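# Structural characterization, general
Next come the chains, spelled out residue by residue.
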Amino acid sequence: MAKLRYLLIFIIVFISACSTTKYLAPGQKLYTGGQVKITDKDIKKSDAKALSTELEALLRPQPNGAILGLRVKLWIYDKTRTNKRRGLRHYLNTHLGEPPVLVSSVDLDKNSTILQNRLQNEGYFLAQVDGDTVGKKKTAKAVYTVQAGPAYHYHSITFPTINDDLDTAVTGTSKQTLLKVGDKFNLDIIKAERVRIDARLKEEGFFYFAPEDLIMRYDSTVAGHQVDMFVKVKDETPDEARWIYSVRNIYVYPDYSIKDTSLMLDSAVKYRWYNVIEPKKDFRPFTFKNSVLLHPGDIYNRTEHTNSLSRFIELGPFKFVKNRFEDVTPDSAKLDIYYFLTQQKKKSIQAEIQLQQTSANYDGTQININLKNRNTFKGAELFDITLFGERDLQFGKYNNGYNIYQVGIQPSLSWPRFISPFDFNSDNAFIPRTTLATGYTIINRNKLYTLNSFNASFGYQWKTSIHVQHTLDLEDLTYVDPENVTQLYLDSIQKTRNPALAHVINKQFTFGPSYTYNWTNTMETFKTNTFYYNGKVSLSGNLYGILTGADTLSGKVSKLFGLTFDQYVKLENEIRFYHKLGPNSKLATRFMVDVGIPYGNSTVLPYSQQFFIGGANSLRGFQAHSIGPGGYTLPATLTQGTAFLPDESGDIKIEGNIEYRPHLFSVVEGALFVDAGNIWLLHSNPFLPGAAFGKNFLSQIAADAGFGLRFNFTVLLLRTDLGFPILEPNRTPVRFGQNGVFNLGIGYPF
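Residues numbered from 1 in each chain as written. Predicted model: local features only at pLDDT ≥ 70, side-chain atom pairs only at ≥ 80, totals over all residues. Heavy atoms only, no water.

### Some words on the overall build of the chain
Under the convention used in this document: Only DSSP runs of H or I covering at least 4 residues are called helices, and only runs of E covering at least 2 are called strands; the numbering of each starts at the N terminus. For every residue, the accessible area (1.4 Å probe, protein chains only) is compared with the maximum for its type, and the residue is labelled buried under 20%, exposed over 50%, or partly exposed between those bounds. Contacts are residue-level and defined by heavy atoms, with any inter-residue pair within 4.5 Å sufficient. Neither His nor the chain termini are counted; the positive set is Lys and Arg, and the negative set is Asp and Glu. Every charge is mapped onto a representative atom, which is NZ of Lys, CZ of Arg, CG of Asp or CD of Glu.
In terms of regular secondary structure, the chain is built from 13 helices and 29 strands. For the chain, the C-alpha atoms occupy an extent of roughly 90 × 90 × 60 Å along the three principal directions. Counting over 750 residues, the chain shows a buried share of 42%. In the chain, once contacts between residues fewer than 6 apart in sequence are set aside, the share between residues at least 24 apart is 63%. Averaging the locations of the 83 positively and 71 negatively charged side chains of the chain gives two centres separated by 9 Å.

### What to know about a nonpolar patch on the surface
What counts, and what does not: Within this analysis, patches are made of residues with over 30% relative accessible area and no salt bridge. Like charges are joined at 9 Å or less; nonpolar side chains (Val, Leu, Ile, Met, Phe, Trp, Tyr) at 5 Å or less. Exposure was quantified through the Shrake-Rupley algorithm and a 1.4 Å probe, taking into account, for residues, occlusion by the shown protein chains and nothing else. The term salt bridge refers to a pairing of a side-chain nitrogen on Lys or Arg with a carboxyl oxygen on Asp or Glu at a separation within 4 Å.
Residues Ile-67, Leu-68, Val-72, Leu-664, Phe-665 and Leu-709 make up a contiguous nonpolar surface patch of roughly 570 Å² in combined accessible area. The topology assignment puts Leu-664 in strand 25 (residues 652-665). Residue class for Leu-664 comes out partly exposed when judged on its relative accessible area of 43%.

### Topic: the packing of aromatic side chains
Convention followed: When two rings of Phe, Tyr or Trp (its six-membered ring) have centres within 6.5 Å they constitute a pair, described as stacked for plane angles under 30 degrees, edge-to-face for angles over 60, and tilted for the intermediate range. Lysine and arginine charges are scored as sitting over a ring when NZ or CZ, respectively, is within 6 Å of the ring centre and within 35 degrees of the ring normal.
The final tally for this structure, using the stated rule, is 39 aromatic pairs. Measuring from centroid to centroid gives 4.8 Å for Phe-207 and Tyr-208, while their planes differ by 90°, and the two rings are edge-to-face. A residue is classified by how much of its surface remains accessible, and Phe-207, at 17% relative accessible area, is buried. Clustering of aromatic rings is evident, with ring pairs tying together Tyr-440, Phe-454, Tyr-479, Phe-509, Phe-511, Tyr-544 and Phe-565. The lysine or arginine in question, Arg-324, covers the ring of Tyr-338, its NZ or CZ lying 4.9 Å from the ring centre. Over the aromatic face of Phe-430 sits the side chain of Lys-463, whose NZ or CZ is 4.5 Å from the ring centroid.

### Some points on a positive patch on the surface
A cluster of basic residues, Arg-284, Lys-346, Lys-347 and Lys-378, forms a positive patch at the surface. As for its placement among the helices and strands, Arg-284 is situated in the loop between strand 9 (274-276) and helix 9 (302-314). Classification of Arg-284 by relative accessible area gives partly exposed; the value is 38%.

### Remarks on helix 9
Residues spaced three or four apart along an α-helix face the same direction, because each turn holds 3.6 residues. Which entries qualify depends on this criterion: Expected span of a helix, by definition, is 1.5 Å for each gap between consecutive residues, and there is one gap fewer than residues. Each C-beta atom gives one direction from the helix axis, and the arc is the one those directions make. N or O atoms within 3.5 Å of each other form a polar contact, as long as, within protein, one can give a hydrogen and the other can take it, and as long as residues adjacent in sequence are counted only when both atoms are side-chain atoms.
Between the first and last C-alpha of helix 9 there are 18 Å, a value that for 13 residues agrees with the 18 Å anticipated at 1.5 Å per step. Of the residues making up helix 9, those classed as buried are His-305, Asn-307, Ser-308, Arg-311 and Phe-312. For helix 9, the arc enclosing every buried residue in end-on projection is 160°, short of the 170-degree limit, so these residues lie on one face. Those residues of helix 9 that are buried lie in contact with strand 7 (246-253), strand 10 (318-329) and strand 11 (334-343). At the N-terminal boundary of helix 9, the capping side chain belongs to Asn-301, with an oxygen 3.0 Å from the backbone nitrogen of Thr-303. Phi turns positive, to about 115°, at Gly-316, one or two residues after helix 9.

### Topic: the packing of helix 3 (residues 72-79) against helix 4 (residues 88-96)
Counted only if it meets this: Every axis in this analysis is a line fitted to C-alpha atoms, fitted for helices over the stretch in contact. Angles between the N-to-C directions lie between 0 and 180 degrees. What sets the label is the angle itself: under 35 degrees gives roughly parallel, over 145 gives roughly antiparallel, 65 to 115 gives roughly perpendicular, and the rest give oblique. With the far helix as reference, a near helix turned anticlockwise by less than a right angle produces a left-handed crossing, and one turned clockwise produces a right-handed crossing. Residues are sorted three ways: Asp, Glu, Lys and Arg are charged, Ala, Val, Leu, Ile, Met, Phe, Trp, Tyr, Cys and Pro are nonpolar, and all the rest, Gly among them, are polar.
Contact pair helix 3 / helix 4: the axes reach a minimum separation of 9 Å and the direction vectors enclose 150°. The pairing of helix 3 with helix 4 is recorded here as roughly antiparallel in orientation. Helix 3 and helix 4 meet at a crossing whose hand is left-handed. Contact with helix 3, carried on its side by Lys-73, Ile-76, Tyr-77 and Lys-79, involves Arg-89, Leu-92, Asn-93 and Leu-96 of helix 4 and no other residues of that element. A class-by-class count of the residues in the contact of helix 3 with helix 4 yields four nonpolar, one polar and three charged.

### Examining the pairing of strand 19 (residues 508-520)
Selection criterion: Two strands qualify as a pair provided that DSSP identifies no fewer than 2 bridges between them.
Pairing analysis gives 11 bridges linking strand 18 (residues 468-483) to strand 19, with the strands arranged antiparallel. Bridged to Val-468 within strand 19 is Trp-519. As defined by bridge partners, strand 19 adjoins strand 20 (residues 529-540) across seven bridges and the pair is classed as antiparallel. Opposite Ser-514, over in strand 20, you have Ser-538 as the bridge partner.

### Comments concerning unusual backbone geometry
Of note, the bond from Arg-60 into Pro-61 is cis; its omega dihedral lies within 30 degrees of zero at 0°. In this structure, Pro-61 sits in the loop between helix 2 (45-56) and helix 3. Unlike most non-glycine residues, Phe-561 shows phi in positive territory, near 55°. Within the secondary structure, Phe-561 sits in the loop between strand 21 (559-560) and strand 22 (563-564). Since its relative accessible area comes to 73%, Phe-561 is described here as exposed. The phi torsion at His-625 lies on the positive side, around 60°, for a residue other than glycine.

### Considerations on the pattern of salt bridges
Within this structure, the stated rule accounts for 26 salt bridges. Note that Arg-302 is salt-bridged to Asp-198, the shortest N-O span being 3.9 Å. On the criterion of sequence distance, the pair formed by Arg-302 in helix 9 and Asp-198 in helix 7 (residues 187-202) is long-range, its members being 104 residues apart. Classification of Asp-198 by relative accessible area gives buried; the value is 6%.

### Structural notes on the sheet that holds strand 7
Here five strands make up an open sheet; going across it, the order is 8-9-7-11-10 and the pairing mixed. Of all the strands in the sheet, the pair left with one neighbour each is strand 8 (269-271) and strand 10. Adjacent strand axes in the sheet meet at a mean angle of 25° when their direction is disregarded. Pairing of strand 10 with strand 11, which is carried by 10 bridges, proceeds in the antiparallel orientation. Following the sheet pairing, Asp-327 is matched in strand 11 by Leu-335. Sheet contacts for helix 9: strand 7, strand 10 and strand 11; angle to strand 10, the most-contacted strand, approximately 145°.

### Here we look at the side chain of Thr-510
Its location among the elements puts Thr-510 in strand 19. Leaving out residues up to four positions away in the same chain, Thr-510 has contacts with Asp-476, Leu-477, Thr-478, Ser-540, Asp-566, Tyr-568 and Pro-606.

### Observations concerning the sheet that holds strand 5 (residues 214-222)
Across the sheet, three strands lie side by side as 4-6-5; this open sheet has mixed pairing. The outermost strands of the open sheet, each flanked by one partner alone, are strand 4 (153-158) and strand 5. On average, each strand axis in the sheet is inclined to that of its neighbour by 25°, with strand direction left out of account. As judged from the seven bridges shared by strand 5 and strand 6 (residues 226-233), these two strands associate in the antiparallel manner. For Val-222, the partnering residue across the bridge sits in strand 6 and is Gln-226.

Purely geometric numbers; function is a separate question.
Right under this line is the structure:
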């Protein structure tokens, strides 16, 4: 009881110290906010509450902000008042402080008028609003009493009678109208209806038509608080807005500058259906055939036009795209289209230094040097080459000197079109790409081994919509060659008899196609629920292995170019679901199921293709790659005499995560999370008892829980998480709060 009493005394003293009304001048009152009361009994409570919330958001001014009821910014303002225009006090006062919002600054009549107008715009034509203040000694609030009256609903919707092409087109859009008989009158929806009709007509060639050419009249004298709505083209609409326009000529200027004033039409080079005007000849004319979607003779279509603008930007070499339409023959309603493209620098070099920390207690530095050529062969081809060096060091109790050093080079070439014997056409806003990528990396794990890794791939990327992206690699080749394996590492393999250690230094040779499908609407932040799905199928050595009869189990090992190749089918699935709990909080979930099926030449997936679990973006209560496979636990007797512990890997992975993300204050966000999952081998191994996937896989699930903070600086999100194990595979329950793992990361984990 004594501790509780001291706590209460402390809270009272703290609150009194934070009082923000004692600095007010005599007669002044602090404004604490506005309240809207709806007195109509015939309005449902739920509707009245929603309407009150909407109306209260319109009230001005806003009261001083508060955190847990304390006006911290106002308190800072009061405590740091100064006549100086420099110094720390001035900075705190002007940047962190907030001056008091007084009740004298509230205009009750103006706010009442605003609320009444909003109610009338939403169909409450008879609404009345009265405002008054309710005060205490030092504070006061504004109370607005609303008599909304009955809401008016649509009795009928009438579109234009058929007089000309424009009337016909407007009436033709009526099936998709936003105005429905029985709905409540709403001015915002009426405005949206005009914009919808305009957008539809822009797809049908009405280039000069505008939403303002429509008038939406209504008759509210219908009995029963109903209105008749009439959609009509204004009589004064000009002739140009009534005509259907088609395309005559198209001109592309790939080297446009704001200083250019001449159109130089006499120097135009015609390529198929468009003309290119570029004296410098930096681009070959065919470069733009995937960007110019409109053709001479086509009826003007706004979607194809805006998609063309997007595609010009997606080509890569251009930073600005401007267009112009010229009404060249008004009597026959034709347009000339001009696309003016402003180039960015063709070549660039960029250096980048990254600091990173992993949950395996590696602190590292990576240096990247990137060179780009955005128009390598005068067809907007992007040549990209990255040189990188990385050093990851272990500290603390994990400091065994097994540091990791990496050096590599990654050149790639990307064409803004499909390079294939077939001609693929698409008319959306996204440019299809063909990519050839290669790479070489030397990975040195100090005191243990060195890996030489080669990779190459050739394939395509394309988007069928803003939500869907496809990636098809016709060939994806990887070759890993170990060298300089130390006796220390070999002794660890012999001592622990863990095949995972030996698997790391096996030669790996994979080749084959892969296909990735990605669907997401997470960019639509206005939605309550959003999804993300990524699925990938990878194959290696399948056809060649079948033709050569590869079967390791029967002793027949096939080779290609004298190298034993790996053979497998690999399936990866990841789905994410985000649910908005409110304007400042979200629930994020993720579920993954990955399966690799080795066969023929392989009994286990190659190490570079296996799955891992644990770490900053996975199970955050465990060290990276420290869980599994399955219920296998490295016996303590086998770890004696060696300080090296392997990264555990598997052929199957199941993982689920759930995270609550509230916004706390300023740039700070919070997180409460639970993670669960494990990895398994597809086939049993006598040296790894319990590692194979089986009926008891649920009892082998590992789980953790924890909390974290995110510092969202818009361009950068710094993440800190502290996770604690709550369940370990095939072990006694873990006491929560012990053996916590701290994770530092960039961006959200999912």
